[in-house]
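The residues making up each chain are set out below.
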Amino acid sequence: MNRFARLLTDNGVELRRDMPRTLQLNLTAKCNQTCVHCHVNAGPARREEMSRETLERILDWLDSSPLPLETADLTGGAPELHPHFRWLVEQLRSRGLHVMDRCNLSILFQPGQEGLGEFLAAHGVEIVASLPCYGPENVNAQRGDGVFDLSIRALRHLNALGYGCTPNLPLNLVYNPLGASLPPAQQALEADYKERLHEDFGVQFNNLYCLANLPIARFGAQLRRDGEHDSYIDLLEHSFNHATIGGLMCRTTLNVGWNGELYDCDFNAMLHLQRADAPHIWDVRADGLAGQPILVGTHCLGCTAGAGSSCGGALS
Ligand code: SF4
Ligand code: SF4
C-alpha cells in the first residue's frame with residue numbers, strides 16, 4: 001500500500017468520485033517553454049497530441065452523454081499549439097460548455113498564434129495562467145529567461161481585451177513554489193500579487209490559485225538530484241489536512257489523455273495510473289461514475305497537504 005493510501009486508511013477516508021462536472025483534455029505535450037517544475041515534461045521537442053479523430057470521438061461522447069458537463073478544461077503542454085485548438089474551442093462553446101484555457105502567456109507571441117487573445121476573448125474563454133511570482137527572478141528561474149517580461153506583456157494585452165476587468169472574461173493566475181516547500185496562504189498572497197502587479201505594471205486579474213508541486217516528472221527528478229525527495233514527501237505527509245478531501249479535483253474531473261484514455265486527474269495521467277476496466281472516455285457513462293474509487297499514489301500527498309492543492313487552487 002502506498003503512503004497516501006495508508007494515510008487515508010488511518011484517517012478512515014475512502015476516496016470516491018462524485019458526479020463529474022469538468023472534462024479536462026490533455027491536448028498536447030508540446031510547449032514553447034521547458035519549465036523546471038513541469039509535471040508533463042513538456043517542451044518544444046514533444047510530439048504527443050490528440051488526433052482530430054480522438055477529438056471528434058470525445059465530442060460524440062459528449063453529445064450522447066446523459067449527464068451534461070459544465071466545463072471543458074484545455075491543458076497541455078501549451079494547448080494552443082494543438083493544430084485544432086481553435087476549432088475545438090468553437091465546438092465546445094457551441095455545446096454550451098464553459099471553456100478554460102491553461103495558458104502560459106508567452107504563447108501569445110509565438111509565430112502562428114497571431115490573434116489568439118482576440119479569439120479567446122471573442123469566445124468567452126476563461127484564462128488560467130501560471131505566474132509564480134510578481135517579480136522577474138523567480139519566474140525566469142522556474143520558467144525560462146525572458147518569460148517574466150513576456151508574461152507581463154501578455155497580461156497587459158489581455159487586460160486591454162477586457163480580461164481580468166470584465167465579468168465574462170476571467171483571468172486567473174497560478175502560483176507554485178520554486179522549491180520543496182508548501183505554498184503560502186492563498187488569500188494573503190493574492191492581495192500581494194494584486195498590489196504589486198497593479199502598481200508596478202498596471203496589470204489586473206481576478207483570482208490567484210496557489211498550487212503545491214507534486215513530486216513527479218521534472219520536479220520529482222529535481223528533488224532527487226537535490227537529495228530532497230524523501231524530506232519533501234515527509235513534509236507533505238506530515239501536513240495532511242483532512243478538510244481538503246471533499247474538494248479534491250479527482251472527485252469531479254474526467255481527465256482524458258492523448259489517445260482518449262480516462263484518468264482521475266492530470267497527475268495520474270502522467271503516471272499512467274488508470275482503471276483497467278475503462279481505458280477510454282467513450283467506454284464510460286458520465287452519470288455512472290459517481291461512487292467509483294479513485295486510484296491514488298504517494299504523489300497524491302501533494303493535493304492534501306496544508307491548505308490543499310487543485311487546478312482551482314487551495315481547497316480549505
Ligand atoms: S508552460 Fe506549462 S506545460 Fe509548458 S513547460 Fe511550463 S509548466 Fe510545462
Ligand atoms: S493526485 Fe490526482 S488522484 Fe491524487 S489526490 Fe490529487 S487529484 Fe486526486
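See the structure printed just above.
Treat the numbers as computed from the prediction; the structure is a model and nothing was measured. (Residues numbered from 1 in each chain as written. Chains lettered and ligands numbered in written order. Predicted model: local features only at pLDDT ≥ 70, side-chain atom pairs only at ≥ 80, totals over all residues. Heavy atoms only, no water.)

Student: Which parts of the structure should I look at to understand the overall build of the protein?
Tutor: Scanning the protein from N- to C-terminus turns up eleven helices and eight strands. The C-alpha radius of gyration computed for the protein amounts to 19 Å, which stays within 12% of the reference 20 Å derived for 316 residues, consistent with globular compactness. Projected onto its principal axes, the C-alpha coordinates of the protein cover approximately 50 × 45 × 35 Å. Across the 316 residues in the protein, those meeting the buried criterion constitute 54%. A separation threshold of at least 6 residues defines the contact pool for the protein, and within that pool the share at least 24 residues apart is 74%. Accessible surface for the protein amounts to roughly 13100 Å². Of this, 49% is attributable to carbon and sulfur atoms. (Helix = DSSP H or I, 4+ residues; strand = E, 2+ residues; numbered from the N terminus. Rg over C-alpha atoms; globule rule 2.2 N^0.38 Å. Buried < 20%, exposed > 50% of the residue type's maximum accessible area, 1.4 Å probe, protein only. Contact = heavy atoms within 4.5 Å. Areas by Shrake-Rupley, 256 points an atom, 1.4 Å probe, with all protein chains shown as cover.)

Student: Whenever I open this one, helix 2 (residues 52-64) confuses me. Can you help?
Tutor: Quick reminder: α-helices carry 3.6 residues per turn. Residues three or four places apart thus point the same way. The end-to-end C-alpha separation of helix 2 is 18 Å, in line with the 18 Å expected for 13 residues at 1.5 Å each. When helix 2 is considered as a whole, its buried residues turn out to be Thr54, Leu55, Ile58, Leu59, Trp61 and Leu62. What you see down the axis of helix 2 is that its buried residues fit within an arc of 155°, all on one side. Residues Glu53 and Ser64 are exposed on helix 2 and point more than 90 degrees away from its buried face. Against the buried residues of helix 2 lie strand 1 (22-26), helix 3 (85-94) and strand 7 (253-256). (Expected span 1.5 Å × (residues − 1). Arc of directions from axis to C-beta.)

Student: Sorry if this is basic, but what is going on with the site of ligand 2 here?
Tutor: The immediate surroundings of ligand 2 are formed by Leu214, Met249, Cys250, Cys265, Phe267, Asn268, Ile294, Leu295, His299, Cys300 and Cys303. For the shell around ligand 2, the per-class residue count stands at nine nonpolar, two polar and no charged. (Near = heavy atom within 4 Å. Nonpolar A, V, L, I, M, F, W, Y, C, P; charged D, E, K, R; others polar.)

Student: Can you help me understand the sheet that holds strand 3 (residues 98-103) in this one?
Tutor: Strand pairs in the sheet, formed through backbone hydrogen bonds, run parallel or antiparallel to each other. Strand order in this open sheet of eight strands is 6-5-4-3-2-1-7-8, and the pairing throughout is mixed. Both outer strands of the open sheet, strand 6 (208-210) and strand 8 (262-263), are each paired with one neighbouring strand and no more. Here strand 1 runs beside strand 2 (residues 71-75); their pairing, made up of five bridges, is parallel. Opposite Thr22, over in strand 2, you have Thr71 as the bridge partner. Along the sheet face, helix 2 touches strand 1 and strand 7 and points at about 175° away from the line of strand 1. Across the face of the sheet, helix 7 (residues 186-201) comes into contact with strand 5 (171-175) and strand 6 while running at roughly 135° to strand 6. (Pairing = 2+ DSSP bridges. Axes fitted to C-alpha atoms, helices over the stretch in contact; angles between N-to-C directions.)

Student: What am I meant to see in the pattern of salt bridges here?
Tutor: Two side chains bearing opposite charge may form a pair once their charged atoms approach each other closely. Applying the stated rule across the entire model yields 14 salt bridges. Where Arg196 meets Asp200, a salt bridge forms, and the shortest distance between an N and an O atom there is 3.0 Å. Of this pair, Arg196 and Asp200 both sit in helix 7, four residues apart, which is roughly one turn of that helix. (Salt bridge = Lys/Arg side-chain N within 4 Å of Asp/Glu carboxyl O.)

Student: Would you mind showing me how to read the state of the cysteines here?
Tutor: By definition, a disulfide links the sulfur atoms of two cysteines through a covalent bond. One pass over the full model with this rule turns up zero disulfides. For Cys210, which is in no disulfide, the shortest distance to another cysteine sulfur is to Cys133 and amounts to 12 Å. (Disulfide = S-S within 2.5 Å.)

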